[in-house]
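# Structure assessment
The lines below spell out each chain.
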Amino acid sequence: MKASESRFCQCLYFSSNAFARKVEKLAAESWKRVELSPSHAYLLLLAIEEPGIQPSTIVNHLLLTPSTITRLIEKLEGKKLVVRTNEGKITNIYPTPKAKAMLPELKDCLAHFYQAYTAILGKEESSKMVGNMNKLVDRLPE
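Because the structure is predicted, anything quoted here is derived from the model rather than measured.

This next bit is on the pattern of salt bridges. Counted under the stated rule, the structure contains three salt bridges. Between Arg84 and Glu77 there is a salt bridge, with the nearest N and O atoms lying 2.6 Å from each other. Arg84 sits in the partly exposed class, given a relative accessible area of 33%. For Glu77, a relative accessible area of 23% corresponds to the partly exposed category. The partner of Glu124 in a salt bridge is Lys128, with the nearest N and O atoms 3.1 Å apart. Highlighted residues: Glu124 and Lys128, both in helix 7 (residues 123-139), separated by four residues, approximately one helical turn. In this structure Glu124 comes out as exposed when scored by relative accessible area, which is 58%.

It is at 7 Å that the axes of helix 6 (residues 103-121) and helix 7 come closest, and there the two elements cross at 105 degrees. As the angle between them shows, helix 6 and helix 7 are arranged roughly perpendicular. The residues of helix 7 that touch helix 6, namely those facing Tyr114, Tyr117, Thr118 and Leu121, are Lys123, Glu125, Ser126 and Met129. Residue composition of the contact of helix 6 with helix 7, by class: four nonpolar, two polar and two charged.

Quick look at the packing of aromatic side chains now. Across all of its chains, the model carries four aromatic pairs by this definition. Between the aromatic rings of Trp31 and Tyr42, the centroid separation amounts to 5.5 Å while the plane-to-plane angle is 65 degrees, which identifies the pairing as edge-to-face. Taken together, the residues Trp31 in helix 1 (residues 12-31) and Tyr42 in helix 2 (residues 38-49) connect sequence positions 11 residues apart. Site record: aromatic cluster; members linked through ring pairs are Phe113, Tyr114 and Tyr117.

Reading guide: rules and limits
Residues numbered from 1 in each chain as written. Predicted model: local features only at pLDDT ≥ 70, side-chain atom pairs only at ≥ 80, totals over all residues. Heavy atoms only, no water. Salt bridge = Lys/Arg side-chain N within 4 Å of Asp/Glu carboxyl O. Buried < 20%, exposed > 50% of the residue type's maximum accessible area, 1.4 Å probe, protein only. Helix = DSSP H or I, 4+ residues; strand = E, 2+ residues; numbered from the N terminus. Axes fitted to C-alpha atoms, helices over the stretch in contact; angles between N-to-C directions. Parallel < 35°, antiparallel > 145°, perpendicular 65-115°, else oblique. Contact = heavy atoms within 4.5 Å. Nonpolar A, V, L, I, M, F, W, Y, C, P; charged D, E, K, R; others polar. Phe/Tyr/Trp six-rings, centres within 6.5 Å; stacked < 30°, edge-to-face > 60°.

Such coordinate-based values are descriptive only and should not be taken to indicate function.
See below:
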């Protein structure tokens with residue numbers, strides 16, 4: 001059944017989650033070749049682009065909870081892609097050489113994801129939708 005035919009099609013919760021599940025599937029497929037989930041991949045991109053980034057900054061960029069960020073970092077540490085250092089109460093996240101070597105492939109995955117969803121939704125429609133979604137997310141309470 002199409003989402004537009006569901007008895008809950010007028011419900012923001014239903015529609016946004018149906019959309020999120022489909023986008024998640026598309027994203028997961030795009031990141032599969034580097035054997036990372038989309039969330040792990042975006043965190044790794046942040047660590048590569050900003051070596052020494054702090055978990056609180058990652059929380060702000062990925063809009064995830066601190067505990068989720070901790071779990072993602074632990075998984076990336078297990079894959080030998082990031083290392084954590086502590087300077088007093090401050091924790092910094094650094095990419096490993098293995099992670100840095102993955103940067104071209106990570107960027108290719110990101111480009112593949114963009115191409116995949118814009119091929120389906122259209123470039124202009126995608127751009128408008130992402131902009132509108134960000135504005136709406138910013139208006140909702142934490």
